[in-house]
Each structure stands twice: as C-alpha cells, then as structure tokens.
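Fold and geometry: a report
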Amino acid sequence: MENDGFIVIEGIHKNPNNIDTLDHKTKTVHGPFDKKKAEEVARGLIQKNIDNFYHRAWVVNKISEINNICEECKKEDTSVKQNLIMHSYKICNSCNLSKTIFPI
Ligand SMILES: [Zn+2]
C-alpha cells in the first residue's frame, strides 16, 4: 500500500534538521495521505511557518509498514497507528485508556 501510507508531522525542533529533536508538546500529525498530497501539505506548512526557523514539517512513510494490530489485546483497530505515532506504543485506544486508569 503506497497510496495512503504517508503522514506529515510538524512542530518546533531544537535542531530543525533532525526530526528526533522535535518538541512533542508542539507536535501535530496530519494524514495519512497519499505521497503527493503529503508533500503538498508539508510544503504548505513550511511556507506558512517560514519565519520560524525551528518549525519543520516532515513527510513520513513508515506508517505503510505498520499494521493496526494492538499488542495488548491483539485486536485490529485504526487507533493503533495513531497511538504508535503519538506515544510510541503499539496499542489501541481502549487498551491505552485502561492502562491510564489502571497502571500496572
Ligand atoms: Zn487493544
């Protein structure tokens, strides 16, 4: 699936050339889009924030390699990808919620 595997991540960076220095409080994820649309969105965001040196928007396509299977309950849910991107946990919203309420 190369058609809808692209997301755009924008935010403020300590080092605008390194996506790993993104400040997660400022992070916004757009998409998923197809490649052309993702590049368009990223370009638009960069132009809109052209005065902010530390703002950066990235096109990321790793989502295409990820399935939607939650590692906790093994169920498929569309929230799994979003949670993986946002929190780096491969988990669905309902497991995420029960974890938050009942920490181990
Ligand atoms: Zn789950």
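This text gives an overview of the structure that appears in the document. Computed from a prediction, not measured in an experiment: that's the story for all the values here.

Okay, the overall build of the protein next. Helix and strand counts for the protein come out as three helices and three strands. Taken from N to C terminus, the helices and strands of the protein fall in the order β-β-α-β-α-α. Expressed as a percentage of the 104 residues in the protein, the buried residues total 31%. Carbon together with sulfur atoms contributes 51% to the accessible area of the protein, which is approximately 7,300 Å² in total.

The next point concerns the packing of aromatic side chains. Throughout the structure, instances matching the rule amount to one aromatic pair. Look at Phe53 and Tyr54: their rings are 5.1 Å apart centre to centre, the planes differ by 85°, and that puts the pair in the edge-to-face class. Classification of Tyr54 by relative accessible area gives partly exposed; the value is 40%. Stacked on the ring of Trp58, the Lys or Arg Arg56 has its end atom at 4.9 Å from the ring centre.

Taken together, the protein ligands of the zinc ion are Cys70 (SG), Cys73 (SG), Cys92 (SG) and Cys95 (SG), with distances of 2.3 to 2.4 Å. In this structure, the zinc ion is coordinated by four donor atoms arranged in tetrahedral fashion, with angles at the metal of 104 to 116°. As a motif over one chain, the donors of the zinc ion read C-x2-C-x18-C-x2-C. Within this pair, whereas Cys70 is found in the loop between strand E3 (55-60) and helix H2 (79-87), its partner Cys92 is found in the loop between H2 and helix H3 (93-101), the two being separated by 22 residues in sequence. Since its relative accessible area comes to 1%, Cys70 is described here as buried.

The next thing to look at is the pattern of salt bridges. Counting across every chain of the model gives one salt bridge. One salt bridge in this structure joins Glu39 and Lys35, with 3.0 Å as the shortest N-O distance. Of this pair, Glu39 and Lys35 both sit in helix H1 (residues 35-48), four residues apart, roughly one helical turn.

Calculation notes
Residues numbered from 1 in each chain as written. Predicted model: local features only at pLDDT ≥ 70, side-chain atom pairs only at ≥ 80, totals over all residues. Heavy atoms only, no water. Helix = DSSP H or I, 4+ residues; strand = E, 2+ residues; numbered from the N terminus. Buried < 20%, exposed > 50% of the residue type's maximum accessible area, 1.4 Å probe, protein only. Areas by Shrake-Rupley, 256 points an atom, 1.4 Å probe, with all protein chains shown as cover. Phe/Tyr/Trp six-rings, centres within 6.5 Å; stacked < 30°, edge-to-face > 60°. Lys NZ or Arg CZ within 6 Å of the ring centre and 35° of its normal. Donors = N, O, S within 2.8 Å, 3.2 Å for Na, K, Ca; no water. Tetrahedral: all angles 85-135°; square planar, octahedral: opposite > 155°, others 65-115°. Salt bridge = Lys/Arg side-chain N within 4 Å of Asp/Glu carboxyl O.

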